[in-house]
Each structure stands twice: as C-alpha cells, then as structure tokens.
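Coordinate analysis (summary)
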Amino acid sequence: MNPVKHLNTTLAHLKGLSALILLCCCFSVQAQRVGIGGTKPTAATTNLGINSADPKEYTIAEVTVSGTQFLDPNSMISISGLKPGDKIRIPGPAVTSSIKKMMDFGTLDDVEIMATKVEAEKIWLNIHIKERPRLYKVSFSGIRKGERETLNDKVKLIKGRVITPTIIKNTQLVIKKYYQDKGFFNTKVKVLQIPDSTRGQATLNFAITKGKKVKIQKINIEGNTAVSDKTLKRKMKGTKQRRIGRLFNPSKYIPKKYDEDKEKLIAYYRKNGYRDAVIEFDTIKNGDQTISIDMKIDEGQKYYYRNISWSGNYLYTSAYLGERLGVKKGDVYNPEELDKKINGIPGSDVSSIYMDDGYLYFHVEPTERAVEGDSIDVELRMFEGKQATINRILLNGNTKTSDRVVLRELFTLPGQKFSKTEIINTQRQLSQMGYFDPEKIQINPIPNQADGTVDIEYTVEEKPSDQIELSGGWGGYIGFVGTLGLVFNNFSIKNIPNRETWRPLPSGDGQKLSLRFQANGKQYQTYSLSFSEPWLGGKKPINFGVSFQRTVYRMTDLSSYYGTNAGVGSGRVNYRGGYYNNGITLSLGRRLKEPDRNLVLTHSLSYQRYRLDSLDIFRIGYSTGNSNNISFNTTISRNTLSDFQFPRSGSNISLSATFTPPYSVFRTKKFSDKTDTYRWVEYHKWMFDASYYATIVGKLVLSTRAHMGFLGAYGGKVGYSPFGRFILGGSGLAGQGTFSLADQDIIGLRGYQDQKVGPLAANGYPASGGGIVYNKYVMELRYPVSLNPQATIFILGFAEGGNNWGTYSEFNPFDLKRSAGVGARIFMPAFGLLGIDWGYGFDKIQGQNTRSGPQFHFTIGQQIR
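Attention here is on the structure that accompanies the text. Worth saying up front: this structure is predicted, and the values here are computed from it rather than measured. (Residues numbered from 1 in each chain as written. Predicted model: local features only at pLDDT ≥ 70, side-chain atom pairs only at ≥ 80, totals over all residues. Heavy atoms only, no water.)

**A word on the overall build of the chain**
Helix and strand counts for the chain stand at 14 helices and 38 strands. Out of the 865 residues in the chain, the part that is buried amounts to 45%. Nonlocal contacts in the chain, meaning residues at least 24 apart in sequence, comprise 60% of its contacts between residues at least 6 apart. Summed over its atoms, the accessible surface of the chain is roughly 43700 Å², and 54% of this surface lies on carbon and sulfur atoms. (Helix = DSSP H or I, 4+ residues; strand = E, 2+ residues; numbered from the N terminus. Buried < 20%, exposed > 50% of the residue type's maximum accessible area, 1.4 Å probe, protein only. Contact = heavy atoms within 4.5 Å. Areas by Shrake-Rupley, 256 points an atom, 1.4 Å probe, with all protein chains shown as cover.)

Below you can see the structure in the form of structure tokens.
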C-alpha cells in the first residue's frame, strides 16, 4: 500500500464529514441495514422508514460494534458517546460528532454507523470499524548492517504499536536528521507498508538513499569590515569550506552545526564590543554534491564601557566591588566577560565574596542604563539576601564506597555557612579519590529559604578502581619476564567477615592493598606487598602505610650453558653471582590545614638489606658483601589536580628529602676494604617534582613538568654513595631489563635508549651505579579521545629535555638532551595506564657520534618522572 496515497485518501474522508449532516446512506436488501453516517459519503435511501429529507428523532434501543480485531467493543461504544436510551435525530449532528470522536482516537482507519432495525420510535445501531494495522516489524534497506542496528535504536518503534501517518512521518524525519548530521544532506527516505490482513499487522520498510556527503564549495560573507573573512570562517568550527589538505576537520554541511556556528559568529562579535551585530540573511544554494553559503552580516557599532555603577550593595562598598570586578571605563563592551567576572571565576569573581560567606541567594543583574554614541553605562543591581547555613548532606550513588569514607572527604559540613569555593574544592576532592567518575559528579544545593538553611546533595557514580596487571616482555639478556600485579584501591580490612562486600575482595573503606610479583624463573624475581590506611583511627586524615619487598637477581653464566670456542657447554644453567634485597618501609602522613589545606606532609622510615654475591653491580670493585640502609624520608606535597587520569587544570608539587645516619662522621679508623666501606649506606638525597595542567581551548590540555634530583655525601671518607643514584633514559620503567637496584631512581627520557643518558662505563652501562644529579623538563599537549571510565584514551605531543651527571663540577642545568615526539595513553581499570610513544632524540649521548634518532617506548603505569 502506498502510504502517501493512503494518507491523502484519509484526509479526503475527513473533509467529507461536513456532508454527513444531510447524510442518507445506501440500503442493503440482504442485510436489511441502512447506513446513516460514515467517513465515506453514500447514496440516499428511504429503507427502514428513514428519510433523509425528513429528519426524525429516535430512541436508541441497542448499540453494537463489528469489525474489531484488537480493540474492545465496549470501549468503542463508550468513545462514540452513543448509549441505549439516548434520543438521537437521524440524519443529524450526533452521528457526525460520534464518528469524529472515534476517528480522533487515532487507532481507526474507517468508521461507519448503520441502522440495523427500526421499530416505531426505536432504532438499533451498529458501529462498523476498520482498525489501523499494528506494527509487526521495522526493516531498513539501502544501508549497511551496522547502520541498521543504530537506526533501530534511534527510531524506537515498538512492536504492536498502531501505525499512523504521524508515526511514519516522524520516523522519516528522524532517519533524515541522523544522516544529515553525518553530512548526507540529500538523504531520501521512502516507506513501504507491507500489510498482513490475517493478523491485522504490517511491516514498515524504510528504503534509504543516502547519496554522497555534501561538501561546502564556497562560503561567501558580505558586510564585514571590522573582522576578516578568514577570522569568521575560522570561528565556524563545524562548517568548513572545501579545500585540498583538510584532513582533521573535513568539509561537510550539517544543518545543526551550521546553526550553532552562526550563533558563534554573533557571540564572537559581541565579545568584541559589537553589541548590535546580526546576520541579516543567509542562503543555502544546494547542488547535487556541494552547496554554497551566502551570508550577509550587519556588524553595527563597536561599544565601550563608560560608567559602571552599583546598587543594592550594603555589605561592601562600590569601590571594593568595582576593584574586584576589574572592568574599567574605556574597556570594550563584553557582556560575556562581564558575567564571567561576576559569577564564573571561583574564588576570584564578585559572587565568591558573598557566596563564600554564606550568601547563597546573592545575585547580580547587569542593566544597561544608557547608550550614547559608542558608550554604554551599566548598572549592576544586586540582591545580597541572607546568609544560609548548611543543614543536611545528602549522598547518592555510592554503591560500593561506604558513606563515612565519602563524607570525611567533604569540605561542606552541617552547621557551616554555605561556601561556593568549598563546594568546588569538594568536587575536586571527590575526583581525586579515584573511586568515582569525575564527569558524573553532581552537586545540587537545595535552599530552604523559610529557615535560612540549605541542604547539599552529592550524586556520584562508582567507577572500577581495582587493577590487575598481567604482562610479559623481553628483558634484554635476562630473557622473558612475566608480571602479575593486583591493586585494590578501595579495600576494607573491617569488612573481611562481611561476605556481601567482597567485590572480589572486601571493599568500601578506602584502604589500598597492592601485591606484585615479577619473575623469569630463578634468574630474576621481585615481590612486593603494601597496605595503606588514609584515615588512621577514622577521625583525622592521617595516612599510615607499610610495605615489604624482596628482590633476587642472579647473573647467568652463559658459557656454562652454551659452551665456548674451546668446548661444548654442559646444557645446565650456572650463576656467576647474585644480588639480594629485603626491605620494609613504614610511613605516616598528614593533610595540613595551614598555610594551605591541599598540603600533605609525609614521613617514612625504611630499612633495606642488600647482599652481593660475586656481582659488581656498581662497577666499582664492590662485588661481595652485605650493606644496610636505614633511611628517613620527609616529603611535602601539594595537589590541586582536577582529575587523576586526565587532569585538565591544577598542579602537583612535591619536595622530598631522604637522610641516612652519617656513620662515617663518627668513625675514627679507616675502612679496610669496599665491603667495610659500604656495610652501612650513607647519603642524603633531595628530589623536586612539579607538574601543571591548563586547558588551552576546548578539550586541548597543556601539561608542563619539571623534575630534578641531587645526591649528597656527608664527607670525604666515603664519598658519594653508589646506592640511591639516578638512571636516566628511555621509558623510565623499572623491570623487564631496566631494573631498579640498590635504591636507584629510574627516570624516563623519550627519544633515547634505556639507561643511556649520563655517565657510562666502558661496557655501556651506568658508571658507579648512575648519576648524582639530574634534571628534566617536559611539555605536552594532550587531547582526549575518550573519557569513559572503562577506557580513558588520550593522544599527546611532547617536547622534553634532561640530563644526568656523575659529578657536580660537570653539572649544567642548561646542558640538556632534547627530544620531541607523539604518543598515546589508554587507562583500563583491569590493566592500569598503558602507553606508547615515538620520540626523536636530537642530541648525542656518551659513546655515540650521531644523534640518538627515533625511538619507540612502551610504558605501564602512571609515570611520576
């Protein structure tokens, strides 16, 4: 059936309702029924005593319904308004009204009311209906399978729904809009209704002809004198003129984006003082595969601020508010910037003065008092209102994390005055916890003006925070190395007996449990176990942590296995030496209140015992012996990052100092040998790390970082310790061939080989265990591809430089090994952060006569340096 023809026929029938007032219908000798009204006009008849020329009043004796398939006959009678016992004039308006009511119901295709019997003044009526078909199935033709699945989700037609012309038309519009938003502006959609009369159902088939994407051949702009065509076209982010080489933002015409771009043009003009700027007209000239856009702009006059006055302010003077506003006479008139300075800069705008002091109901209404020439007087009309006190904290969405863990991180507490800045600080704090999706955190103040209080509702959405690391890689001469790591970031010791909280381990109290094992058999093994409680005792933000670690590294004697030129090997693995390390670390940290609540002070005490068995890892002649390292570390840090995985604003600064006891200062006799010299490790080490993030435009984020480290000695008796030195170069990974031994710090430098930047021994490995001073500077531009908590993905471009020195006399902070490149990161809860970088090293390193050149780097985990 042709749906367009069917629609026109139905409309024609409805137009015929006016003729039903004088309706006389056909007479059927066989059925003895007389039509007295319907959607289709019929010929006049006088059968059963009904004369169209002589209207007569009857009493309805009975009303029946015929032709129903899905509908209830009693419901149809009720809708018609015809009831036994009612008086009805035939022919007359009651029949017409009844038919109209039934057609307006929307499920009927045709209605006819007939008289089946007439006795004296009584009449028997039958309502014969034809129902519209019900939807059996929707199908799409002319498109790919994947597109059909997407359209099914878009149109949302439910099986069994009555098929109406409105439904068909709306579905066509949805399909066309979907393809027009993808650039197929000339998409055509035809509908074929395939009926199944036996079941009263029908299949709708939408035949789609997408055509080709419509490009924009030319954008012609007229009337602009103050702003160039090039600038205006650049502001139209979603509407680009076709040209060769346009890859990242191809030209295609999308009506929705074009409308948005027109609004952006006017907004740009008004930001620059052109208050009266309008688009007088725009025309789309449509071709088969291209269009042209003609646009005329009336820029109007450029305006400036003249006088800015305040009214309604009682708490603060106009002079103070004007200074805080920062808008002066002669500045370009910009309502958007004015609103931002009133409400849009937390902690620095005008509203923060009031709202940080409890004035929740405060608002300002900028009003133009006078416009003379190119000058505008603005009056800022204020309503200060009363102070509001926080009454209740409402928490929703924390299905895994217990309420007390979330509530203890809030800066807004019952009884305190409302504070806009504290609301924002709380939002950042919830993001930094790592348990909730930062994009889904919602904060809703609920004012209670009657009693001057406010309830604050926090809505969060849990995201996966636990991680499983299962990886393998080639560790140079060590061979294949396998890694298994488990990190539970929301662990709970208290809930161990409560099986309902096991997901898969007891969770919800914000504690962290980490286990990691890495090995390739007997040659290399490392184990670590750590636990931390961020609120020791549950009342104050005191972080307690404990960790254990063990490392075993044996140097393989390959000649015993493979043999030498002089003989055949035994096929058995023998070891030429080994390195063994056992350690424990206890830490205690506290969040400070002064001078800044974002400051954290952490102290840790560590004991490490090293055993060397015929293995000179430092290449200084110390190959056998035991060394003990007791160290105390103090770290002060400040973190204001907006998010842990993809920060878009804020900074993270850390300064740490590590000290061992100065044993040699109290020693009077000389050291007998290397074993005696390094029996007790001594040094002091200073580390500085800083990172800063800022959004440049849209989602593009600038990241800058600076890192430096210094290793010191207590005197000349021992000199600079081979323990605790710096290793620079490559991906910065500890493990898989680049092992962190003897308290070394491994720092990445992309574009260069692992461990190759700094002082090197004759065999190409770090001399004396590494450098004693290093610095590194990084700049990155980051752009998110996906911010989904299940898979956060971003790409980046970087430029960085760094160096590592073996003596302070050689130290030059400007002598950097430079590199640049691109990379990508993906964070998945099951595996943590994975990265790949391509970097080009521009400088030579020790032992090379050419530039380092291109290098690929793979990273696992969040790199600190």
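**Examining the nonpolar core**
In terms of nonpolar packing, the biggest core is built from 40 residues, with L325, L338, F362, L380, L430 and Y458 touching the most fellow members. Each residue touching L325, except ones within four places of it in the same chain, is listed here: I308, W310, L338, K341, I342, V350 and L380. Core analysis: the next-biggest nonpolar cluster, separate from the first, contains 30 residues, L612, V681, L728 and W805 among them. (Core = buried A, V, L, I, M, F, W, Y, C linked by side-chain atoms within 4.5 Å.)

**A word on the side chain of T187**
Relative to the helices and strands, T187 is located in the loop between α5 (165-180) and β8 (188-196). Using a relative accessible area of 2% as the deciding quantity, one classes T187 as buried. Contacts of T187, omitting those with residues within four sequence positions, involve K176, Y179, I208, T209 and K210.

**A word on the pairing of strand β21 (residues 511-519)**
Two strands pair when backbone bridges link them, and β21 and strand β22 (residues 524-533) are joined in this way by eight bridges, in the antiparallel orientation. Within the sheet, the bridge partner assigned to Q518 lies in β22 and is T526. Joining the antiparallel neighbours β21 and β22 is a turn of four residues, in which G521 adopts a positive phi near 105°. (Pairing = 2+ DSSP bridges.)

**Examining the environment of I50**
Relative to the assigned elements, I50 resides in the loop between β2 (33-38) and β3 (56-66). I50 gets classed as buried once you look at its relative accessible area, which sits at 6%. Distance from I50 to V118, taken between C-alpha atoms, is 8.6 Å for residues 68 residues apart in sequence.

**Quick word on the sheet that holds β8**
Read across the sheet, three strands follow the order β7-β9-β8 without closing on themselves; strand pairing throughout is mixed. With partners counted over all chains shown, the strands left at the sheet margins are β7 (134-141) and β8, one partner each. Strand-to-strand, the axes of this sheet are offset by a mean angle of 20°, without reference to chain direction. The sheet contact formed by β8 and strand β9 (residues 201-209) spans nine bridges and is antiparallel. Its bridge partner being in β9, V191 is matched across the sheet by F206. (Axes fitted to C-alpha atoms, helices over the stretch in contact; angles between N-to-C directions.)

**What about the packing of aromatic side chains?**
As enumerated under the stated definition, the model contains 26 aromatic pairs in all. With centroids separated by 6.2 Å and ring planes inclined at 85°, the aromatic side chains of F710 and F811 adopt a geometry described as edge-to-face. In this pair, F710 is assigned in strand β31 (residues 700-712) and F811 in the loop between β35 (791-805) and β36 (817-828), connecting sequence segments 101 residues apart. Classification of F710 as partly exposed rests on a relative accessible area of 26%. With a relative accessible area of 26%, F811 lands in the partly exposed category. Seen from the ring of F184, K210 lies directly overhead, with NZ or CZ sitting 4.9 Å from the centre. Above the ring of Y580, the side-chain terminus of R611 is found at 4.1 Å from the ring centroid. (Phe/Tyr/Trp six-rings, centres within 6.5 Å; stacked < 30°, edge-to-face > 60°. Lys NZ or Arg CZ within 6 Å of the ring centre and 35° of its normal.)

**Side note on the pattern of salt bridges**
Inspection of the entire model under this criterion finds 38 salt bridges. Of the charged contacts, one joins E780 and R782 as a salt bridge, the two residues approaching to 2.9 Å between their closest N and O atoms. Residue E780 shares its accessibility class with R782, and that shared class is buried. Bridged by salt links that share partners, the residues R705, R750, E780, R782, E800, R825 and D837 form one connected network. (Salt bridge = Lys/Arg side-chain N within 4 Å of Asp/Glu carboxyl O.)

**Quick look at the pairing of strand β6 (residues 122-131)**
Within a regular strand, side chains alternate between the sheet's two faces. Of all ten residues that make up β6, seven are buried, and the element is covered over most of its length. Here β3 pairs with β6 via seven bridges, running parallel. The partner of S66 across the bridge, within β6, is H128. Inspection of the sheet shows strand β5 (residues 108-119) paired to β6 by ten bridges, in the antiparallel sense. Bridge pairing in β6 places D110 opposite K130. Joining the antiparallel neighbours β5 and β6 is a turn of two residues, in which A120 adopts a positive phi near 55°.

**Some remarks on a nonpolar patch on the surface**
A contiguous nonpolar surface patch, about 1000 Å² in accessible area, is contributed by L515, L529, F548, I584, L586, L605, Y607, I630, F632, F659, W680 and W686. Elements represented by at least two residues in the nonpolar patch include exactly β26 (574-591), β27 (599-613) and β28 (625-639). Structurally, the position occupied by W680 is in the loop between α14 (674-677) and β30 (684-697). (Patch = residues over 30% accessible without salt bridge, like charges linked within 9 Å, V, L, I, M, F, W, Y side chains within 5 Å.)

**Some remarks on the sheet that holds strand β15 (residues 375-383)**
The sheet built from three strands is open, its strands ordered β13-β15-β14 with mixed pairing. This sheet does not close on itself; its edge strands, each paired only once, are β13 (304-311) and β14 (363-372). Each strand of the sheet is rotated relative to its neighbour by a mean of 25°, with strand direction disregarded. Here β14 runs beside β15; their pairing, made up of nine bridges, is antiparallel. Across the sheet, residue E368 finds its bridge partner in β15, namely V378. Here helix α8 (residues 318-325) sits on the sheet and contacts β13 and β15; the angle it forms with β13, its principal contact strand, is near 135°.

**Let's talk about the environment of G724**
Secondary-structure assignment places G724 in the loop between β31 and β32 (726-728). Residues G724 and D745 lie 21 residues apart in sequence; the distance between their C-alpha atoms is 6.8 Å. Apart from residues no more than four positions distant in its own chain, G724 is found in contact with Y683, K685, L711, A742, D743 and Q744.

**Remarks on the packing of helix α2 (residues 73-80) against helix α3 (residues 93-104)**
One way to put it is that α2 packs onto α3 with a least axis distance of 8 Å and a crossing angle of 125°. One finds that α2 runs oblique with respect to α3. Contacts between α2 and α3 involve M76, I79 and S80 on the former and, on the latter, S98, K101 and M102. Residue composition of the contact of α2 with α3, grouped by class: three nonpolar, two polar and one charged. (Parallel < 35°, antiparallel > 145°, perpendicular 65-115°, else oblique. Nonpolar A, V, L, I, M, F, W, Y, C, P; charged D, E, K, R; others polar.)

**With respect to a positive patch on the surface**
Together, K154, K156, K182, K213, K256 and K257 make up a region of like positive charge exposed at the surface. With respect to the helices and strands, the residue K257 is situated in helix α7 (residues 255-271). (Lys, Arg positive; Asp, Glu negative; His and termini not counted. Charge placed at Lys NZ, Arg CZ, Asp CG, Glu CD.)

**Focus on the side chain of E379**
Note on placement: E379 falls in strand β15. E379 gets classed as buried once you look at its relative accessible area, which sits at 10%. A polar contact is formed between the side chain of E379 and the side chain of R369, at a distance of 3.0 Å. (Polar contact = N/O pair within 3.5 Å; in protein donor to acceptor, adjacent residues only side chain to side chain.)

**What about unusual backbone geometry?**
Cis geometry marks the peptide bond from E594 to P595; its omega dihedral reads -5°. A positive phi angle, near 55°, is found at K156, a position not held by glycine. Tracing the backbone through its elements, the reader meets K156 in the loop between α4 (145-155) and α5. Despite not being glycine, D743 has its phi angle at roughly 65°, a positive value. Structurally, D743 can be placed in the loop between β32 and β33 (745-747).

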